[in-house]
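Fold and geometry: a report
Each chain is listed here by its residues.
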Amino acid sequence: MHLVDQIKAKARASLQTVVLPEGYDDRMVEAAGQIVKDGLARVVLLGNPDALQKKAAELGASLDGVTLLDPKTSPKLSGYVDELVALRKKKGLSREDAEKLLTGEDNLFYGAMMVRKGDAGGAVAGAYNTTGDVLRAAFQVVGTAPGINTVSSVFLMVTKTPEFGENGVICFADCAVNPNPDAQALAEIAVSTASSCKSFLGVDARVAMLSFSTKGSAKHEDADKVLKALEIARKIAPDLQIDGELQADAALLPKVGAKKAPGSPVAGKANTVIFPDLDAGNIGYKLVERLAGAEAVGPIIQGLAKPVNDLSRGCSVDDIISVSAITAVQAQG
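Residues numbered from 1 in each chain as written. Predicted model: local features only at pLDDT ≥ 70, side-chain atom pairs only at ≥ 80, totals over all residues. Heavy atoms only, no water.

1. Notes on the overall build of the protein
For the protein, the count of helices and strands is 13 helices and 11 strands. In summary, the protein has a C-alpha radius of gyration of 21 Å against a globular reference of 20 Å for 333 residues, a match within 12%. Each principal axis of the C-alpha distribution contributes one length, and for the protein these read about 65 × 45 × 30 Å. Within the span of the protein, comprising 333 residues, buried residues form 53% of the whole. Within the protein, contacts between residues at least 6 apart in sequence are counted, and of these 71% link residues at least 24 apart. With 36 positive and 40 negative side-chain charges, the protein shows a spacing of 4 Å between the two charge centroids. (Helix = DSSP H or I, 4+ residues; strand = E, 2+ residues; numbered from the N terminus. Rg over C-alpha atoms; globule rule 2.2 N^0.38 Å. Buried < 20%, exposed > 50% of the residue type's maximum accessible area, 1.4 Å probe, protein only. Contact = heavy atoms within 4.5 Å. Lys, Arg positive; Asp, Glu negative; His and termini not counted. Charge placed at Lys NZ, Arg CZ, Asp CG, Glu CD.)

The following block contains the structure:
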């Protein structure tokens, strides 16, 4: 079974609620009913219910089983305003400004507050809004996971080589969010990605902290950063199988791992790789995708207290459906 199909099967096994804030985007309207029809999640689509039904009719789409909710008339709005004012008290957010954020045209803050309050298990946006806007609402309202201050991303790389990773699937991070993480952030990315590996692949992560150096083979401050991150990650998650610094071949190939890092619990069998910066991560996943014909599932946002995922603005209806299934699986915990 293909990885995305496995994720969808897992989503169906324990149904969660996903909110789609961008009801003003045609693709979201089309996807909402299909997600419910496919049994992937319960869906709340934000927007004026009459306008949403009219748009669905124009598109030939069905909103059967979808909850249509207008933030401006929601009975929970007042409570949400109170929560946001309390949350942003140090920033001096007024009640008037909080209400404006929650009833703004993009619906991002309202969707994020639904997730924070448990009225939705997760949110999916970004078909219309920028990554910065989606993550800003998520960071300010949902917040980060305990012990984590770094929001990051993971790609599930489905390769054609089952010997690699976990039956050919390897978690790559961070390839989309943090340009130059320091040692603390890099450690938190590693811990978050290990959790994602467990959620999506159903196995314990074997985390390799990647570098151009393996176990001191080269001396440089960049390799030192990776070593420091390794030390911090082990303190955050003492039971985590993690090692570094490792070159990519030492992380993935058993013979090379045994030669370059003998006795390592990870070398030669990593299913999760952490790149030292965004240059390496973004270049790395695109090379594997294009030259090796791997499929890149993601980016999946991680490190938040509850899931909020960002789409490409060029996404398709099928992309929205798949990311909603991913979000539902994350919401299962």
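What follows picks up the thread again.
2. A short note on helix α1 (residues 3–13)
Within the sequence span of α1, burial applies to L3, V4, I7, K8 and A11. Seen from one end, α1 has its buried residues packed into an arc of 140 degrees, which puts them on one side. Contacts made by the buried residues of α1 are with β5 (152–158), β6 (169–173), α8 (183–201), β10 (295–302) and α13 (317–331). (Arc of directions from axis to C-beta.)

3. Some words on the sheet that holds strand β3 (residues 67–69)
In spatial order, the strands read β3-β2-β1-β4-β11; together these five strands make up an open sheet with parallel pairing. The sheet is open, and its two edges are formed by β3 and β11 (308–310), each paired on a single side. The average undirected angle you get between the axes of adjacent strands in this sheet is 25 degrees. Sheet topology note: the strand β4 (residues 122–125)/β11 ladder contains three bridges and is parallel. Each residue of the ladder has a partner; that of A125, found in β11, is D310. (Pairing = 2+ DSSP bridges. Axes fitted to C-alpha atoms, helices over the stretch in contact; angles between N-to-C directions.)

4. Topic: the sheet that holds β10
Judged by pairing direction, the sheet is mixed, and its six strands sit side by side in the order β8-β7-β9-β6-β5-β10 without closing on themselves. Either end of the sheet is taken by a strand with one partner, and the two such strands are β8 (241–246) and β10. Averaged over all pairs of adjacent strands, the angle between their axes in this sheet comes to 25 degrees, without regard to strand direction. By the bridge criterion, three bridges tie β6 to strand β9 (residues 272–274) in an arrangement that is parallel. In the sheet register, A173 faces β9, and the bridge partner there is I274. Along the sheet, helix α12 (residues 278–291) makes contact with β5, β6 and β10, crossing β5 at roughly 20 degrees.

5. Observations regarding helix α4 (residues 77–87)
Within the sequence span of α4, burial applies to L77, Y80, V81 and L84. The buried residues of α4 occupy one face: seen down the axis, they fall within an arc of 105 degrees.

6. Quick look at the packing of aromatic side chains
In this structure the tally under the stated criterion is four aromatic pairs. Both rings, one in Y80 and one in Y110, keep their centres 4.9 Å apart while their planes meet at 50 degrees; by these two values the pair is tilted. Here the residue Y80 occupies a position in helix α4, and Y110 occupies one in helix α6 (residues 108–116), the gap between them amounting to 30 residues. Just as Y80 is buried, Y110 falls in that class too. (Phe/Tyr/Trp six-rings, centres within 6.5 Å; stacked < 30°, edge-to-face > 60°.)

7. Some remarks on the pattern of salt bridges
Inspection of the entire model under this criterion finds 18 salt bridges. When the shortest N-O distance is used, the salt bridge between D204 and K198 registers 3.2 Å. With relative accessibility at 48%, the residue D204 sits in the partly exposed group. Where K228 meets E231, a salt bridge forms, and the shortest distance between an N and an O atom there is 4.0 Å. Taken as a pair, K228 and E231 lie in helix α9 (residues 221–236) at a separation of three residues, close to a single helical turn. Here the residues in one salt-bridge network are D26, K55 and E58, joined through shared partners. (Salt bridge = Lys/Arg side-chain N within 4 Å of Asp/Glu carboxyl O.)

8. Examining the packing of helix α2 (residues 26–37) against helix α3 (residues 49–59)
Here α2 crosses α3 at 85 degrees, and the two axes come no closer than 10 Å. In terms of axis orientation, α2 runs roughly perpendicular to α3. Every residue of α3 that contacts α2 at D26, V29 and E30 is listed here: L52, K55, A56 and L59. Here the contact of α2 with α3 is built from residues that sort into four nonpolar, no polar and three charged. (Parallel < 35°, antiparallel > 145°, perpendicular 65-115°, else oblique. Nonpolar A, V, L, I, M, F, W, Y, C, P; charged D, E, K, R; others polar.)

9. Regarding the pairing of strand β1 (residues 17–20)
The two faces of β1 match: T17 and V19 on one face and V18 and L20 on the other face are all buried. Strand direction decides the pairing type here: β1 and strand β2 (residues 42–46), joined by four bridges, are parallel. Note on β2: the bridge partner recorded for L20 is L45. For the segment spanning β1, α2 and β2, crossover handedness is right-handed. One ladder, built from two bridges, connects β1 with β4; its direction is parallel. (Right-handed = clockwise from strand over helix to strand, strands pointing away.)

10. Notes on the side chain of S74
Inspection of the secondary structure puts S74 in the loop between β3 and α4. What makes S74 buried here is its relative accessible area of 9%. There is a polar contact of 3.1 Å between the side chain of S74 and the backbone nitrogen of K76. Discounting residues that sit within four places of it in the chain, S74 has contacts with L69 and Y110. (Polar contact = N/O pair within 3.5 Å; in protein donor to acceptor, adjacent residues only side chain to side chain.)

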